[in-house]
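These are the residues of each chain, in order.
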Amino acid sequence: MGSHHLSTSQLVRMLGPWTDAAPTLPAALAATIDDLVIRGFVPAGAMLPPQRELAAALGVSRGTVAAALDLLTARGHASSRQGSGTRVRSTGADGDRHDSGRLFSFTDASGDVIDLSTGALPASRVARRVLADGWGDLDPYLDTDGYFPAGIPMLRQAIAHHLSSSGIATAPDEILVTNGAQHATHLAIRGLLSPGDLVLCEDPTYRGALEAMSTHQVRVEGIPVDDCGIEVEMVTRALRRRPHALHCQTSIHNPTGVTLSRSRRRELAEAVTTASLPVIEDCCSWDLTLAPTPARTLAGLVDPRLHVSCWTLSKLFWGGLRIGWIRATPEHIRTFTELRKSGDLATSVTDQLLAVRMLEHAEAAREERRGLLNEQLRLTGQILHSHVPQWNWTTIAGGSGLWVDTGSDALALTERAGRAGVKLAPGPAFSPHEGHRQRLRLPIGLDPDRLELAVASLLTP
């Protein structure tokens, strides 16, 4: 990890509300970075951001940052060399954890903090009813060892039916049940790619995918996204560099909320099939459409041997139900199944039985989510137009958030918000190249009163 450079946006997201950690600002900043180092969130050998850039993002003087780094150096947690910057030194923390993005935001936070950094939705009413009734008949599974690496047959069949009834013809042997979509994404990347391979992805894209690609040490090149989705012409140009895979979201894109137009979807499918380029398609927000009709994917357009897609029940039902899956050819499914055996072995049978029951109510859950998101989108728009009329965003086709252009430095805004007890997700967190500096991803599922309180607090000097 000696070559790891910690970006300004990564460090700002990890720092949180740091100014009260000590009596003076330099001491408070040093103490907070110190804590991150001791707990292993900042990996040994990582290069800290340049002083001038970090000072601008934090809204403090460069002298404050310099004094804080001097304190870290004095404590033995950093080393500085003139012209080379400041590097974190080993402190004996376990592992090289650097959970700086989406997953880091899920760690414990004070109840006083208003979290606008995640678009995760609470459990749907449908999920609550199924959970209250229990998981059904477990007895047949008690005489087995409980390990079903590809998933219990009943759930694989239910998922295949769920997709097929929505226009994506699927057989049970094309499904591998996973512990959520993040697990599915890691398996897909691990099964298709090797460290150093070049992957094309949208810019911006889902930050959990960026973390997965970083974990597996693949090289990432961002492809711009506009109001109609990924720019296929730029994908075609990038094919000259012989990438090893494309990661994309053509149904409902996170964080922008757009869906790829029909013509672009066909152009993209033709380009990757002609180039024999494997595609890992993230379909996690597929169910969260604002219109009654299901979103479209690349399934049926791309050569099936090239297409691997990752899915989840978290958006439709509840994130606490850790059920996701990979859809791919039976040959790929066998490969991914062998890979997962060396890790977690299998997904909980009880969770899978709950998932079977929930899928029986998928259409009702979709209707519930659609009604909730449309109403929340209306209320969120009213609040933002009232308090921050200078902010703007693209009309979304679905998803649980808005990709907002603030017209100002979102990293600096994130820092100020943290001091006011509000967590934000700035644009660089969603970019492989630390771009979109003026953007925020704001959830639309938050209680309107709390959202209004949060936005009002951002305007307080």
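Formed by 35 residues in total, the largest nonpolar core has its most connected members in Leu155, Ile159, Leu163, Leu313 and Phe317. Those residues in contact with Leu313, other than ones at most four positions away along the chain, are Trp318, Leu321, Ile323, Trp325, Ala355 and Leu359. Counting residues in hydrophobic clusters, the runner-up holds 30 residues, among them Leu11, Ala27, Phe41 and Leu72.

The next subject is helix α12 (residues 330-341). The end-to-end C-alpha distance of α12 is 17 Å, a good match for the 16 Å that 12 residues give at a rise of 1.5 Å each. When we look at burial in α12, the residues that qualify are His332, Ile333, Phe336, Thr337 and Arg340. Seen end-on, α12 carries its buried residues on one side only, within an arc spanning 135°. Where α12 is buried, its residues meet α7 (153-164), β4 (175-178), α8 (181-192), β10 (307-312) and β11 (324-327).

Turning our eyes to something else, we now look at the sheet that holds strand β12 (residues 392-393). If you walk across this open sheet you meet the three strands as β12-β13-β15, and the pairing is antiparallel. In the strand order of this sheet, the two ends are held by β12 and β15 (439-443), each with one partner. As paired strands, strand β13 (residues 401-405) and β15 are joined by five bridges and run antiparallel to one another. Bridging from a neighbouring strand, Leu402 pairs with Leu442 of β15.

This part takes up the environment of Trp286. Structurally, Trp286 can be placed in the loop between β9 (279-282) and β10. When its relative accessible area of 2% is taken as the criterion, Trp286 is described as buried. Along the chain, Trp286 and Thr259 lie 27 residues apart, while their C-alpha atoms are 9.6 Å from each other. Excluding its chain neighbours within four sequence positions, the residues that come into contact with Trp286 are His162, Leu163, Ser166, Ile168, Ser251, Ala295, Thr297, Trp311 and Arg366.

What counts and how
Residues numbered from 1 in each chain as written. Predicted model: local features only at pLDDT ≥ 70, side-chain atom pairs only at ≥ 80, totals over all residues. Heavy atoms only, no water. Core = buried A, V, L, I, M, F, W, Y, C linked by side-chain atoms within 4.5 Å. Buried < 20%, exposed > 50% of the residue type's maximum accessible area, 1.4 Å probe, protein only. Contact = heavy atoms within 4.5 Å. Helix = DSSP H or I, 4+ residues; strand = E, 2+ residues; numbered from the N terminus. Expected span 1.5 Å × (residues − 1). Arc of directions from axis to C-beta. Pairing = 2+ DSSP bridges.

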